[in-house]
Amino acid sequence: MSQDALSLLRSLNWLSPSQATLAPPLLDWLMEEDSMTRRFEQHCQRVTVQPLREGFIDASELGEERALLPDDERFWLREVLLFGDDQPWLAGRTLVPESTLNGPEAMLQQLGTRPLGRYLFSSSTLTRDFIDPGQVEGLWGRRSRLRLSGKPLLLTELFLPASPLYRDLA
């Protein structure tokens, strides 16, 4: 399941703004400005994270994501599954340019099983440049470029079949 979810996440087809005429309940989820972790916590007793891959990768390993990030040579990659009450709800991929990882932002390398949202949304310096909705094989996802103290990172999220997003659409 975990590798399948990650390969789907990497295959998301991004919608242009003109294509993004989506139903209001779907837009409500995809364009969520606050922490997705907090949003999930409204639908379950416990949100947990299973890290699948963490470590530095070379810029050559980035695909189209490279155009959305600074021209660093190395990036911190974190790929996880987020679970609601032990059900896999979301696959997440975070790319952090090495130049972002100085000062307090170095903590991004030490999240372990802590949800990214708990760290990001506790910062008063967090801003978001954009949210792009995407779709692959009937599943929805999104990507956002966030900034901590003006320093960028890219977050891509794929909502897995058990996610409450799909219950809200039914």
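Residues numbered from 1 in each chain as written. Predicted model: local features only at pLDDT ≥ 70, side-chain atom pairs only at ≥ 80, totals over all residues. Heavy atoms only, no water.

A. Spotlight on the pairing of strand β6 (residues 139–148). Taken across its 10 residues, β6 has nine buried, putting it largely inside the fold. Note: strand β5 (residues 126–136) against β6, 10 bridges, orientation antiparallel. Among the inter-strand pairings, Thr 127 is bridged to a residue of β6, identified as Arg 147. Linking two consecutive strands that pair antiparallel, namely β5 and β6, is a turn of two residues; a positive phi of about 45 degrees is found at Glu 137 within it. When β6 meets strand β7 (residues 151–159), the two strands line up antiparallel, connected through eight bridges. Note that in β7 the partner of Arg 145 across the bridge is Leu 154. (Buried < 20%, exposed > 50% of the residue type's maximum accessible area, 1.4 Å probe, protein only. Helix = DSSP H or I, 4+ residues; strand = E, 2+ residues; numbered from the N terminus. Pairing = 2+ DSSP bridges.)

B. Inspection of the side chain of Ser 144 at higher detail. Its place among the elements puts Ser 144 in strand β6. Of the residues examined, Ser 144 reaches a relative accessible area of 1% and is grouped as buried. Not counting chain neighbours up to four residues away, the residues in contact with Ser 144 comprise Arg 128, Phe 130, Ile 131, Leu 153, Leu 154 and Leu 155. (Contact = heavy atoms within 4.5 Å.)

Interpretation note: all reported values are geometric properties and have no functional meaning in isolation.
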